[in-house]
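# Topology and contacts: notes
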Amino acid sequence: MFDKLQAVEDRYERLNELLSDPEIVNDPKKLRQYSKEQADLQETVEVYREYKKTKEELEQTREMLEEKLDPEMYELAKEEFSALKDKIEELEQRLKILLLPKDPNDDKNVIMEIRGAAGGDEANIFAGDLFRMYTRYAESKGWKVEVLEASPSSSGGYKEIIFMINGHGAYSKLKFENGAHRVQRVPQTESQGRIHTSTATVAVLPEVEDVEIEINEKDIRVDTFAASGAGGQHVNTTMSAVRMTHIPTGIVVSMQDERSQIKNREKAMRVLRARVADYYNREKQKELDAARKSAVGTGDRSERIRTYNYPQNRVTDHRIGLTIQKLDQVMEGKLDEIIDALIMEDQASKLAHLNEQE
């Protein structure tokens, strides 16, 4: 591990030199590439340097304990030695986590798709509640939310809503939201006061640039049609809505949110790229050894991952057995406690797998 850490520090120092080189400074592509690499290594280098400094202090304290000290000084040195040992263990754990292979999608924006599932109108209302929850969470992080396509439900909420969250690291935080979300509450339409159970599904896809996945134009069928729904006089008068079909996978994306066909094409292509990349990634994942999958996983979308129980103000994440009595706060976008616990569980699982291999 320490050979790897030394190599990381050496590379970090080399990047410092490269970023001062006039030739690199005048090359925007290389400057961006090296700046990003340096930023990715910075935390690891800082923790490693703190580790080395703490190790030196531990050795100095050990030497003091071997000298003849008066009882009071000896006790102080002993306490400091114990505290430094604890700090060393904590830093070693942090370094192990920092050296874990990083998900290449972690820094990306995300495309999220929420659909009402089992439960009729109540499922659609809940889909709207989840959209609001994720919007509030994104706002708390300073991220921007852009609705790409929405199919509102007549009773409130959405049959389906597709939106993008633009923000550095959005995927790293939201990737574990994939799956079926279950709600238990008395619906507004229920006159008897009975608790109903409904579900909505959430899909989280990293945004994919054109350079990352090659989609041949010959593999895409594009159909245009008149938009339906809200939109006043423009509805059904212009062929602005777009349907794209990726023939090899059968994936279909429809977009009619914009009045301009060009804008709808752009949005549809963004979603199509993400879905096609996700399709091929999932096919690849099926071929991997089950032992390599993380315990939390990024979720089978049919899997029930979380229950929101309104009468008891309770949220339970079934994958990690976490239950918190803060549903009201969670629905306001305060998701950090749940998301941090999922990330920690994923890291612990990867560490355990790494230790088995060593």
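All figures in this text were calculated on a predicted structure; none of them were measured in a lab. Positions within a chain are numbered from 1, following the residues in the order the chain's sequence is written. With the structure being a predicted model, the display of local features is reserved for residues of pLDDT at least 70 and the display and counting of side-chain atom pairs for 80 or more, all residues being used for whole-chain, interface and lining totals. Computation of side-chain values: all heavy atoms of the structure, hydrogens and water removed.

## Some points on unusual backbone geometry
As a reminder of what qualifies: Only runs of H or I of at least four residues qualify as helices and only runs of E of at least two qualify as strands under DSSP, and these elements are numbered from the N terminus.
Residue Asn313 is not a glycine yet carries a positive backbone phi of 50 degrees. Relative to the helices and strands, Asn313 is located in the loop between β9 (304-309) and β10 (314-317).

## Let's talk about the packing of helix α3 (residues 28-66) against helix α4 (residues 71-98)
For clarity, the cut-off: Each axis is a line fitted through C-alpha atoms, taken for helices only over the stretch in contact, and angles between the N-to-C directions span 0 to 180 degrees. Any angle from 65 to 115 degrees is called roughly perpendicular, while one under 35 is roughly parallel, one over 145 is roughly antiparallel, and all others are oblique. If you view the pair so one helix is near and one far, a crossing is left-handed when the near helix is turned anticlockwise from the far one by less than a right angle, and right-handed when it is turned clockwise. Under the grouping applied here, Gly and all other residues not named as nonpolar or charged are polar, the nonpolar ones being Ala, Val, Leu, Ile, Met, Phe, Trp, Tyr, Cys and Pro and the charged ones Asp, Glu, Lys and Arg.
Look at α3 against α4: their axes get within 9 Å of each other, and the N-to-C directions meet at 155 degrees. Considering their axes alone, α3 and α4 lie roughly antiparallel with respect to each other. The hand of the α3/α4 crossing is left-handed. Here the contact of α3 with α4 is composed, by residue class, of 15 nonpolar, three polar and eleven charged.

## Considering the environment of Leu98
Where we set the bar: Burial status follows relative accessibility: with a 1.4 Å probe on protein chains alone, a residue under 20% of its type maximum counts as buried, one over 50% as exposed, and anything between as partly exposed. Should any heavy atoms of two residues lie within 4.5 Å, those residues are considered in contact.
Of note, Leu98 is situated in helix α4. Classification of Leu98 as partly exposed rests on a relative accessible area of 25%. Excluding residues within four positions of it along the chain, Leu98 makes contact with Glu43, Thr44 and Val47.

## Concerning the nonpolar core
Operational definition: Here, the term nonpolar core denotes a set of buried Ala, Val, Leu, Ile, Met, Phe, Trp, Tyr and Cys residues that are joined through side-chain atoms within 4.5 Å.
Among the nonpolar cores identified, the biggest contains 33 residues, and Met112, Ile114, Leu130, Tyr134, Ile165, Leu174 and Tyr308 are the most heavily contacted of them. Contributions of two or more residues to this core are made by β1 (110-116), α5 (121-140), β3 (158-166), α6 (170-174), β5 (196-206), α8 (327-330) and α9 (336-357). At eight residues, α5 tops the list of elements feeding residues into this core. Every residue in contact with Leu174, bar those within four places of it in the chain, is listed here: Val110, Met112, Tyr134, Tyr137, Trp143, Ile165, Val204 and Ile339. In this structure, Ile162, Met164, Met244 and Ala274 belong to the second largest nonpolar core, which totals 17 residues.

## As for a nonpolar patch on the surface
Heads up, the rule is: Patches were defined on residues exceeding 30% relative accessible area and lacking a salt bridge, with like-charge contacts within 9 Å and nonpolar side-chain contacts (Val, Leu, Ile, Met, Phe, Trp, Tyr) within 5 Å. Only the protein chains shown count as cover for residues, and all accessible areas are computed by the Shrake-Rupley method using a 1.4 Å probe. Criterion for a salt bridge: a side-chain nitrogen of Lys or Arg within 4 Å of a carboxyl oxygen of Asp or Glu.
A contiguous nonpolar patch, built from Met64, Met73 and Leu76 and spanning about 250 Å² of accessible area, is present on the exposed surface. With respect to the secondary-structure elements, Met73 resides in helix α4. On the accessibility criterion, Met73 (37% relative accessible area) is partly exposed.

## Observations concerning the confidence of the model for the chain
Cut-off, in case you're wondering: In predicted models, pLDDT denotes the confidence assigned by the predictor to each residue on a 0 to 100 scale.
Overall, the prediction assigns the chain a mean pLDDT of 83, with 87% of residues at 70 or greater. Note on residues 230-235: pLDDT is under 50 here. Beyond four places in sequence and across chains, it has six contacts. Below pLDDT 50 for its whole length, residues 289-300 participates in 22 contacts with residues either more than four positions away or in separate chains.

## A word on the sheet that holds strand β11 (residues 322-324)
Within a sheet, adjacent strands bond to each other through the backbone by hydrogen bonds, running parallel or antiparallel. Formally: Here the rule is simple: two strands pair whenever DSSP picks up at least two bridges between them.
Pairing is mixed across the open sheet formed by eight strands, whose spatial order is β2-β3-β1-β5-β4-β9-β10-β11. Of all the strands in the sheet, just β2 (144-152) and β11 have a single pairing partner and so form its edges. Across the sheet, the mean angle from the axis of one strand to that of its neighbour is 15 degrees, orientation sign disregarded. Strand direction decides the pairing type here: β1 and β5, joined by seven bridges, are antiparallel. Its bridge partner being in β5, Gly116 is matched across the sheet by Ala200.

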